[in-house]
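# Architecture at a glance
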Amino acid sequence: MNYFRSSLFVPVCLIILSLGAPLSYGDLAEEPPMNLTYHNGALLTDSIGVNFIWYGNFTASQKSVFTDFINSLSDGYVKKEPSVATWWKTLNKYYDNTGISFPTLTLGKQIDDNSYSHGDSLNISDILPIASSGPQQNAINVVMTSADVGVEGFCISRCGLHGSGPGSSQNRFTYIWVGNSSTQCPGQCAWPFSQIDDGPSTAPLVPPNGEVGTDGMVVNLASLLAGTCTNPNGDGYFQGEPETPLEAATACPGIYGKRAFPGYAGDLLIDPATNASYNAYGVNNTQFLVPALFDLTMFGCATTV
């Protein structure tokens, strides 16, 4: 994995909303002209393993949702469109003219920490040590905390974060934390699958994988993966202040389909059997809701539908 520049921890607050997904450029959201600036720093590249640390209590079916999502990022596994892989390829444009190759993300190791090694009430400073239990080269270590785990700032200022570990430029690894908000703040961190806490009153959508907390985590994981690859150390692509950056997905909050507006996720696909809302197909006949990604060539938020 190629890293450049210093090690900078970059928290990303997803707070209430995320975004929507790439492709149909006629569907770009109506927004003021803007762009994300490349600050000539690190972008993730080469082959990278996405390793899960299951902190707390996760069922096998919950785990499979997330592992299916990671496997869906690879082109060729899913024949139906719009696909998760096509959504992910929107980030390829961030690598144009940088001399850095677009990374290949694959499912890596899975580590169970159902003994709550740091307790069930975590400080932000606990996340890096937990993430460090995974591989530390060519890695994105994803700490997933279950619904019974409290994390400093969770539901108040963040639904997840990403950062990079210590070490030399060649040995540094990246990490992500995402929390399950189902019992703590689904209106903050699992919209549009739960009634929003503060904002327009609209009926929540049916989650495609059957659980509000799990599908909300998928949205936040997707957003953070995009930020991790394109701004791993705080000197990649972002707009605004490095401490509170707008990144590839967080630049498009609340947008999942065309005609999205505050309180309305956009025009999505509906499964006729379950009435679930989604905008991307994955492996094993899965369906996902993925956030919009900022399209650098179209200067707007692009969605899959």
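Residues numbered from 1 in each chain as written. Predicted model: local features only at pLDDT ≥ 70, side-chain atom pairs only at ≥ 80, totals over all residues. Heavy atoms only, no water.

## Describing the nonpolar core
- If you look at the biggest cluster of nonpolar residues, it comprises 49 residues, and the most contacted ones within it are Phe69 and Leu225.
- At the level of secondary structure, the elements contributing two or more residues to this core comprise strand 2 (47–55), helix 1 (60–72), helix 2 (84–88), strand 5 (139–145), strand 8 (174–179), helix 5 (212–230) and strand 14 (293–295).
- Looking at which element gives the most residues to this core, the answer is helix 5, with eight residues.
- Setting aside residues no more than four positions away along its own chain, Leu225 makes contact with Phe69, Ile70, Leu73, Trp88, Leu105, Ile140 and Ile176.
- Of all hydrophobic cores here, the second largest spans 20 residues; its members include Leu122, Ala131, Val151 and Cys155. (Core = buried A, V, L, I, M, F, W, Y, C linked by side-chain atoms within 4.5 Å. Buried < 20%, exposed > 50% of the residue type's maximum accessible area, 1.4 Å probe, protein only. Helix = DSSP H or I, 4+ residues; strand = E, 2+ residues; numbered from the N terminus. Contact = heavy atoms within 4.5 Å.)

## Quick look at the pattern of salt bridges
- This structure, assessed with the given rule, holds three salt bridges.
- Notably, a salt bridge pairs Lys93 with Asp295, separated by 2.9 Å at the nearest N-O pair. Of the two residues, Lys93 sits in the loop between helix 2 and strand 3 (104–113) while Asp295 sits in strand 14, which places them 202 residues apart along the sequence.
- By relative accessible area, Asp295 is classed as buried at 0%.
- One salt bridge in this structure joins Asp267 and Arg259, with 2.5 Å as the shortest N-O distance. (Salt bridge = Lys/Arg side-chain N within 4 Å of Asp/Glu carboxyl O.)

## Looking at the confidence of the model for the chain
- Looking at the chain as a whole, the pLDDT averages 87, with 87% of positions reaching at least 70.
- Ignoring residues within four places in sequence, the model shows residues 1–30, a span with pLDDT below 50, making 161 contacts including any to other chains. (pLDDT = per-residue confidence, 0-100.)

## Structural notes on helix 5
- Spanning 19 residues, helix 5 covers 28 Å between terminal C-alpha atoms, matching the ideal 27 Å at 1.5 Å per step.
- With respect to burial, helix 5 is a largely interior element, 18 of its 19 residues being buried. (Expected span 1.5 Å × (residues − 1).)

## Some thoughts on the side chain of Asn233
- With respect to the secondary-structure elements, Asn233 resides in the loop between helix 5 and strand 9 (237–238).
- On the basis of relative accessibility, which here comes to 1%, the residue Asn233 falls in the buried class.
- Of note is the side chain of Asn233, whose polar atom sits 3.0 Å from the side chain of Ser164. (Polar contact = N/O pair within 3.5 Å; in protein donor to acceptor, adjacent residues only side chain to side chain.)

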